[in-house]
Amino acid sequence: MANSRGLLLNPNDFDPQHLDAQSRRQLRALIEWFEERGKVRLLRDDLEATWVGDFLDFVKRERLFATFLTPSEFADGDADKRWDTSRNAVLSEILGFYGLAYWYAEQVTILGLGPIWQSDNVKAKEKAAAQLEAGGVMAFGLSEREHGADIYNTDLLLTPATDADSEGVVFRASGEKYYIGNGNVAGMVSVFSRRTDIEGADGYVWFVADSGHENYELIDNVVHGQMFVSNFRLNDYPVYEEDILCTGPDAFSAALNTVNVGKFNLCSGSIGMCEHAFYEAITHANNRILYGNPVTDFPHVRASFVDAYARVVAMKSFSNRAIDYFRSAGLEDRRYLLFNPVTKSKVTSEGEKVVTLLWDVLAAKGFEKNTYFCEVARLIGALPRLEGTVHVNVAQILKFMPNYMFNPTDYPQIGTRDDPADDVFFWSQGPARGASKVQFADWAPVYERHSEIPNVARFYEQALALKQLLTTAAPDTGQQADLDFVLVVGHLFTLVVYGQLILEQAELTGLDRDVVDQIFDIQVRDFSGYAVALHGKPSSTPAQQEWALAAVRKPVADGARFDRVWEQVRSYDGAYEMRP
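Here the structure is a predicted model, which is why all the values come from computation and not from measurement.

Rules used throughout
- Residue positions are counted from 1 within each chain, in the order its sequence is given.
- This being a predicted model, a pLDDT of at least 70 is required before a residue's local features are given, and a value of 80 or more before pairs of side-chain atoms are given or counted; all residues contribute to the totals for chains, interfaces and linings.
- Here the side-chain values reflect all heavy atoms present in the structure, with hydrogen atoms and water set aside.
- For Phe, Tyr and Trp, where Trp contributes only its six-membered ring, two rings pair if their centres lie within 6.5 Å, and the inter-plane angle classes them as stacked under 30 degrees, edge-to-face over 60, or tilted in between.
- Numbering of helices and strands runs from the N terminus; a helix is a DSSP stretch of H or I covering at least four residues, while a strand is a stretch of E covering at least two.
- Accessible area is worked out with a 1.4 Å probe on protein chains only. A residue is then buried under 20% of its type maximum, exposed over 50%, and partly exposed in between.
- Axes here mean lines fitted to C-alpha atoms, for a helix over just the part in contact, with angles spanning 0 to 180 degrees between N-to-C directions.
- Between 65 and 115 degrees an angle is taken as roughly perpendicular, under 35 as roughly parallel, over 145 as roughly antiparallel, and anywhere else as oblique.
- In this scheme, a crossing is called left-handed if the near helix is turned counterclockwise away from the far one by less than a right angle; it is called right-handed if the turn is clockwise.
- Should any heavy atoms of two residues lie within 4.5 Å, those residues are considered in contact.
- Residue type decides the class: Asp, Glu, Lys and Arg count as charged, Ala, Val, Leu, Ile, Met, Phe, Trp, Tyr, Cys and Pro as nonpolar, and the leftover types, Gly among them, as polar.
- An automatic or database domain assignment supplies the residue ranges for each domain.
- By convention in these notes, a salt bridge is any Lys or Arg side-chain nitrogen within 4 Å of a carboxyl oxygen on Asp or Glu.
- One less than the residue count of a helix, multiplied by 1.5 Å, gives the span that helix is expected to have.
- In this analysis a 1.4 Å probe is tested at points of a 1 Å grid over the protein atoms alone, and where it fits but cannot get out there is a cavity; an open set with protein on both sides within 12 Å along at least five of seven lines is a pocket; lining residues have an atom within 4 Å of a point.
- Grid points are joined across faces, edges and corners, and a volume is the space filled by probe spheres set on the points.
- Only buried residues count toward a nonpolar core, which is a set of Ala, Val, Leu, Ile, Met, Phe, Trp, Tyr and Cys residues joined through side-chain atoms within 4.5 Å.
- Paired strands are those between which DSSP finds at least two bridges.

A.B. asks: What's the story with the packing of aromatic side chains in this structure? I'm lost.
C.D. replies: Here the distance between the centres and the angle between the planes together describe a pair of aromatic rings. If you walk through the whole model with that rule in mind, you get 50 aromatic pairs. Look at Tyr-216 and Phe-232: their rings are 4.5 Å apart centre to centre, the planes differ by 20 degrees, and that puts the pair in the stacked class. Highlighted residues: Tyr-216 in strand 6 (residues 216-221) and Phe-232 in strand 7 (residues 229-240), separated in sequence by 16 residues. In this structure Phe-232 comes out as buried when scored by relative accessible area, which is 0%. Ring geometry for Phe-278 against Tyr-572: centres 5.7 Å apart, planes inclined by 85 degrees, an arrangement best described as edge-to-face. Taken together, the positions of Phe-278 in helix 8 (residues 265-285) and Tyr-572 in the segment after helix 20 (559-570) put the pair 294 residues apart, joining distant regions of the chain.

Below, the structure is given as structure tokens:
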């Protein structure tokens, strides 16, 4: 059988050599903690919606979040503390592998820390570092019931203090926040608000609140699950000068920049969930006899598994390469601003597709309560929707399309960034504007270098066809205002970006050529699907319809290649099963 070791996370042989010894030790300890608790406990806690308190006890004992989420500037001499996106992604993937609730506790802690680490408030930073060291978690108080995550509007109001207030009180905060993870226990809740005495952007304020304060009213958990997704109300909550993080336009930018950093982890959480589900699915199906034959003898079953496997490898390849751009970013290189929404929308949507493909094979087995798959099937759809749904991100992606497709510039080559460095730029990203001015290196050469791979060459034809569409039959003014229409263009463009980083990562890692070809077999099919969708849109013009049909391609079929990839898939049968 083909050797597929290393492409998917396997707790049985987990030892990421690119990380330092202490990081490896802590991550292995995390895996061991989950495995010792066992699958029965893991699934029971999910079904009974048990708060992840024992997990947070482990986090405290191991100083896990303190080590991984504290910038070195506030490490107090601890050489292992830093904000290292490479190792943070591994942590996030492991947490997703064992359950969305554990991933979520870390995810919203990262979001809650965003406005703190970006601020100039040294006391708040020192307090956050101390709370992490003590095992605490954070929360990100942005969303509201009426406005969602619309940061242009917030009804959490700050009223200037009066003579009757206690000494040192600057504001009284009143209002509700909704859908705030960890809002039940966070010692520091970063809260987005606006002043009642100042109009417009100058009135925005980020401040920190304590969920244990008497003026902090915890109303409810708005979901049924292990995650505590809180609705809370501040009732004349006293805000002191030392609680204020940032104000005015800087506060607005801090909100968006926090999302740039924090929501990136959606991709690694989705990858981890898919990997665990994949192990369960192949081990079950490859050992199940139906009509006298193993289920995996059926061609449609093999096709589903090969597709699912190739999609997961593509998810990991794109996400890992995106990390390199994140870690190498600066004010002169902001390409991460495109790759970030692609991870949030495309990678997480691919996770849904993977689970659906596997579920089509598992059928009734996928509903059984003693499977991790049952939990994944219920929750995988949360990830592309946690960021205000996919269309928000695709609309963001479209802003980068003109420069990406038509206006390349030169950048120094970026290699694999898994060095143990502190990613300090995340906390000094600057104003959150100018997306349309961000430039990119030429995307075509990496496709040309891999054009000997049949389906890469075929997809490259489609990418060039997209360029032709944008040149000869671009969306007119009316279509640009029609989000239903331009989102399809956004999906076509996203596939080109997705393929670029997958190929770059394949070069860096020596990814198996057959797997690359299989990934681009999918890319060709997906592009064709969106082209047909564009053809069918009510507002598409005759020229666009003609383009759409001309852009449809059939992947290059290769039965021998498919069989070799299938052998990789089959090698995962029995490779991992969680301890009882």
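A.B. asks: Sorry, what's going on with the environment of Ala-21 here?
C.D. replies: Counting through the fold element by element, Ala-21 comes out in helix 1 (residues 21-47). Under the relative-accessibility criterion, Ala-21 is labelled exposed at 51%. With 59 residues separating them in the primary sequence, Ala-21 and Asp-80 have C-alpha atoms 9.8 Å apart.

A.B. asks: Is there a simple way to think about the packing of helix 10 (residues 336-362) against helix 11 (residues 372-379) in this case?
C.D. replies: Describing two packed helices takes the angle between their axes plus the distance from one axis to the other. In the contact formed by helix 10 and helix 11, the axes pass within 11 Å of each other and the chain directions differ by 135 degrees. Considering their axes alone, helix 10 and helix 11 lie oblique with respect to each other. Considering the relative orientation of helix 10 and helix 11, their crossing is left-handed. Residues Val-355, Leu-358, Trp-359 and Leu-362 of helix 10 touch helix 11, and the partners they reach there are Phe-373, Val-376 and Ala-377. Counted by class, the contact of helix 10 with helix 11 contains seven nonpolar, no polar and no charged residues.

A.B. asks: How do you make sense of the side chain of Gln-518 when you look at a structure like this?
C.D. replies: Take Gln-518: it is sitting in helix 18 (residues 513-536). For Gln-518, the contacting residues outside a window of four places in its chain are Val-306, Asp-307, Ala-310, Arg-561, Phe-562 and Val-565.

A.B. asks: Mind showing me how you'd approach the domain arrangement of the chain here?
C.D. replies: Interfaces are often described in size by the accessible area the parts lose on coming together. For the chain, the domain assignment lists domain 1 (21-136), domain 2 (140-248) and domain 3 (391-409 + 436-557). Between the C-alpha centres of domain 2 and domain 3 there is a distance of 42 Å.

A.B. asks: Hey, could you run me through the pattern of salt bridges in this one?
C.D. replies: Should the charged atoms of two oppositely charged side chains come close, the side chains can pair. The final tally for this structure, using the stated rule, is 46 salt bridges. Across the salt bridge formed by Arg-579 and Glu-32, the nearest N and O atoms sit 2.9 Å from each other. Here the residue Arg-579 occupies a position in the segment after helix 20, and Glu-32 occupies one in helix 1, the gap between them amounting to 547 residues. Several salt bridges converge on common partners, so that one network encompasses Asp-20, Arg-82, Asp-84, Arg-327, Arg-417, Asp-419 and Asp-423.

A.B. asks: It is not clear to me how unusual backbone geometry should be interpreted in this structure. Could you clarify?
C.D. replies: Most peptide bonds take the trans configuration, and most residues that are not glycine carry a negative phi. A positive phi is found at Ala-49, a non-glycine position, where the angle reads about 55 degrees. Residue position: Ala-49 is located in the loop between helix 1 and helix 2 (53-62).

A.B. asks: Hey, could you run me through helix 10 in this one?
C.D. replies: In an α-helix, one full turn covers 3.6 residues, which means residues spaced three or four apart are oriented alike. Spanning 27 residues, helix 10 covers 37 Å between terminal C-alpha atoms, matching the ideal 39 Å at 1.5 Å per step. Among the 27 residues of helix 10, 22 are classified as buried, and the element is accordingly described as predominantly covered.

A.B. asks: What is the right way to read empty space enclosed by the protein from this model?
C.D. replies: The gaps left among the atoms become clear once a water-sized probe is rolled over them. Counted by the stated rule, this structure contains three cavities of 30 Å³ or more. Forming the boundary of the largest cavity are Trp-83, Thr-85, Asn-88, Ala-89, Ile-110, Val-261, Phe-264, Asn-265, Phe-326 and Phe-426. Considering each element in turn, the lining of the largest cavity owes the most residues, three residues, to helix 4 (residues 85-98). For the lining of the largest cavity, a count of residues per class yields seven nonpolar, three polar and no charged. Here the second largest cavity is characterised by a volume of approximately 50 Å³. Taken together, Arg-311, Ala-314, Lys-346, Glu-350, Tyr-498, Ile-519, Ile-522, Gln-523 and Asp-526 make up the full set of residues lining the second largest cavity. Breaking the lining of the second largest cavity down by element, the ones donating at least two residues are helix 9 (299-327), helix 10 and helix 18. Sort the elements by how many residues they give to the lining of the second largest cavity and helix 18 lands first, with four residues.

A.B. asks: Explain helix 17 (residues 483-509) to me, please; I cannot follow it from the model alone.
C.D. replies: In this model helix 17 runs 38 Å from its N-terminal to its C-terminal C-alpha over 27 residues, within 8% of the 39 Å that 1.5 Å per residue would give. Counting buried residues along helix 17, 21 of its 27 residues qualify, which places the element largely inside the surrounding structure. After helix 17 finishes, the residue Gly-510 shows a positive phi value of roughly 70 degrees.

A.B. asks: Honestly, the environment of Pro-542 in this entry has me stumped. Any pointers?
C.D. replies: The residue Pro-542 is located in helix 19 (residues 542-551) in this model. For Pro-542 and Ala-473, which are 69 residues apart along the polypeptide, the C-alpha to C-alpha distance reads 9.4 Å.

A.B. asks: Would you mind showing me how to read the nonpolar core here?
C.D. replies: In summary, soluble globular proteins display a tendency toward joint burial of nonpolar side chains. One finds Phe-55 and Phe-305 to be the most contacted residues of the largest nonpolar core, which totals 174 residues. Top element by residues in this core is helix 9. It accounts for 15 residues. Grouped together as the second largest cluster of nonpolar side chains are 18 residues, Leu-156, Val-191, Phe-232 and Tyr-237 included.

A.B. asks: Honestly, the packing of helix 4 against helix 8 in this entry has me stumped. Any pointers?
C.D. replies: Orientation of helix 4 relative to helix 8, taken along the N-to-C sense of each, is 45 degrees, at an axis distance of 7 Å. With respect to helix 8, the axis of helix 4 lies oblique. At the point where helix 4 passes helix 8, the crossing takes the right-handed sense. Residue-level inspection shows Asn-88, Ala-89, Ser-92, Glu-93, Gly-96 and Phe-97 of helix 4 in contact with helix 8, the latter providing Asn-265, Ser-268, Gly-269, Ile-271, Gly-272, Met-273, Glu-275, His-276 and Tyr-279. Considering only residue class, the contact of helix 4 with helix 8 consists of five nonpolar, eight polar and two charged.

A.B. asks: Sorry, what's going on with the environment of Ala-129 here?
C.D. replies: Counting through the fold element by element, Ala-129 comes out in helix 6 (residues 122-133). Residue Ala-129 is classed as buried on the basis of its relative accessible area of 9%. Counting along the chain gives twelve residues from Ala-129 to Trp-117, while the straight-line C-alpha distance between them is 9.8 Å.

A.B. asks: I'm lost on the pairing of strand 3 (residues 169-181) in this one. Help?
C.D. replies: It is a general feature of regular strands that their side chains alternate between the two faces of the sheet. Here four bridges tie strand 2 (residues 157-160) to strand 3, and the two strands are oriented antiparallel to one another. Paired with Leu-158 across the strands is Ala-173, a residue of strand 3. Relative to strand 7, strand 3 runs antiparallel, the two being bridged by ten bridges. Residue pairing across strands places Phe-171 opposite Val-239, the latter belonging to strand 7.

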